[in-house]
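# Chain and residue survey
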Amino acid sequence: MSTRTILTWPDARLNLVCEPVSEITDDIQVLAADMLETMYDAPGRGLAAPQVGAMLRIFVMDATWKEGTADPMVCINPKITLHSETISTGPEGCLSIPGVEAEVSRPESVHMVWTDLSGTMREADLTGFSALCAQHELDHLDGIVTLDRVDATQRADILATYKGQS
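Before going into details, it helps to say that this report is about the structure given with it. Not measured: the values here are computed from a predicted model.

Nonpolar side chains in soluble globular proteins generally cluster together in the buried interior. One finds F59, M61 and M112 to be the most contacted residues of the largest nonpolar core, which totals 16 residues. Broken down by element, the residue count for this core peaks at five residues, all from helix 2 (residues 128-141). Ranked by size, the runner-up nonpolar core spans 15 residues in total, among them A32, M35, A49 and V52.

Within the structure shown, the criterion is met by two aromatic pairs. Between the aromatic rings of Y40 and W65, the centroid separation amounts to 5.1 Å while the plane-to-plane angle is 90°, which identifies the pairing as edge-to-face. Taken together, the positions of Y40 in helix 1 (residues 26-41) and W65 in the loop between strand 2 (58-61) and strand 3 (73-83) put the pair 25 residues apart, joining distant regions of the chain. Across from the ring centre of F129, 4.9 Å away, lies the NZ or CZ of R45, which sits over that ring.

A word on the environment of T64. In this structure, T64 sits in the loop between strand 2 and strand 3. Considering only alpha carbons, one finds T64 and S130, 66 residues apart in sequence, at a separation of 8.3 Å. Setting aside its immediate chain neighbours within four residues, T64 contacts T69, A70 and D71. Within the structure, the side chain of T64 is placed 2.5 Å from the backbone oxygen of T69, a separation counted as a polar contact.

Within the secondary structure, S84 sits in the loop between strand 3 and strand 4 (87-93). Taking relative accessible area as the criterion, S84 reaches 15% and is therefore assigned buried. Polar contacts involving the side chain of S84 include one to the main-chain amide nitrogen of E108, which spans 3.2 Å. Sequence-distant contacts of S84, defined by excluding residues within four places in its chain, comprise P107, E108 and S109.

Calculation rules
- Residues numbered from 1 in each chain as written.
- Predicted model: local features only at pLDDT ≥ 70, side-chain atom pairs only at ≥ 80, totals over all residues.
- Heavy atoms only, no water.
- Core = buried A, V, L, I, M, F, W, Y, C linked by side-chain atoms within 4.5 Å.
- Buried < 20%, exposed > 50% of the residue type's maximum accessible area, 1.4 Å probe, protein only.
- Helix = DSSP H or I, 4+ residues; strand = E, 2+ residues; numbered from the N terminus.
- Phe/Tyr/Trp six-rings, centres within 6.5 Å; stacked < 30°, edge-to-face > 60°.
- Lys NZ or Arg CZ within 6 Å of the ring centre and 35° of its normal.
- Contact = heavy atoms within 4.5 Å.
- Polar contact = N/O pair within 3.5 Å; in protein donor to acceptor, adjacent residues only side chain to side chain.

None of the figures reported here should be taken as evidence of function without further support.
The following block contains the structure:
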């Protein structure tokens, strides 16, 4: 396992739709392990493959490790099949746009299906931060970054802050 470089916006790869994973190979196993190590090292709670330059539909997340309870997930070809009608708006950060937060509106809960590293189909009802994290990482697989989820005024404010960190 090793950490990988996290791409930062405006790298064009962050705006590409990723290809499905067709087979869980040794390379996919290594990618997932490296992504988890990179996520924890960052330190983040989620990381999608395109953020490390791999244009595949895989993300990792661990919504609770910062509170002391590690629960890593590797989600291959994830899909949200249901979402609540209740929407929450709150701060969202992104490892690919470091140092800034955006106020993003998302469904409070989702039902997600995915394949794990053993090839087993999984499904779960995710709520709260887990739901937000999964939606954020799934956005990355579809070429969507946080900046695409905010209005023009908030985007301009974020970019002014982000550019100020260079």
